[in-house]
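Descriptive structure summary
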Amino acid sequence: MRRLIASLTIATAVLAVPAVVSAQEESQSTAMRANRGFRFGFGPQLLIPSDGGPLGGGLVLDGRYGIKAGPTVLAPGGRLGGYLLSSRFIGTAMPTFRITLPVGPFAPYIVGGVGGGWLSNKSEGGVAFLGGGGLMIHFGRVFAIGAEATYETITGTEYKAFGIGPSIHIGG
């Protein structure tokens, strides 16, 4: 009889785990569900040079893979940026790391990265550093819009700029 009760207890526990996990996933916020797994994003960016020079602009592409860690989502990824500033093309490519704190449909985050950076018209290059943050509003798992503000610099060059712009994220 003890073996039967022990077997039934174990079987019940094993069968209940998927139901508990499913219930936990259903109770997670839209932003939490949307930031887990692979995500792809893009957006235009307005550049404001730190030396007060003329404004510039460009496009940023990023991808990441979000992993739930308690109330946050940790996401290693990568970022490509192409900008035009003071008649020079600036390109950056770097691995990034993002920490998101989802609350309902809102997902405030911070992001940082280190990689390579290049400037044209008197070719220069160096190590690119990025730091910043933003806020995304999620409309389900597949689509989100928001805004991001960053500071980016490339060592060995005069490039130091604040970037602001909208973000659009898609993924499923």
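Above: the structure in question.
Now for a quick tour of the structure. Quantities reported herein were computed from a predicted structural model and do not represent experimental measurements.

Look at any regular strand and the pattern is simple: side chains alternate between the two faces of the sheet. Examined bridge by bridge, strand β4 (residues 88–100) and strand β5 (residues 106–119) share nine bridges and lie antiparallel to one another. Note on β5: the bridge partner recorded for T96 is G113. Where β5 lies against strand β6 (residues 124–139), 14 bridges are found, and the strand directions are antiparallel. Across the sheet, residue G113 finds its bridge partner in β6, namely L130.

Summed over all chains, the structure comprises three aromatic pairs. Measuring from centroid to centroid gives 6.3 Å for F40 and F42, while their planes differ by 40 degrees, and the two rings are tilted. With a centroid separation of 4.9 Å and an interplanar angle of 55 degrees, the aromatic rings of Y151 and F162 are classed as tilted. One end of the pair, Y151, is in strand β7 (residues 143–154); the other, F162, is in strand β8 (residues 160–170), and eleven residues separate them in sequence. The class for Y151 is partly exposed, based on a relative accessible area of 31%. A relative accessible area of 41% means that F162 is categorised as partly exposed.

Reading guide: rules and limits
- Residues numbered from 1 in each chain as written.
- Predicted model: local features only at pLDDT ≥ 70, side-chain atom pairs only at ≥ 80, totals over all residues.
- Heavy atoms only, no water.
- Pairing = 2+ DSSP bridges.
- Helix = DSSP H or I, 4+ residues; strand = E, 2+ residues; numbered from the N terminus.
- Phe/Tyr/Trp six-rings, centres within 6.5 Å; stacked < 30°, edge-to-face > 60°.
- Buried < 20%, exposed > 50% of the residue type's maximum accessible area, 1.4 Å probe, protein only.

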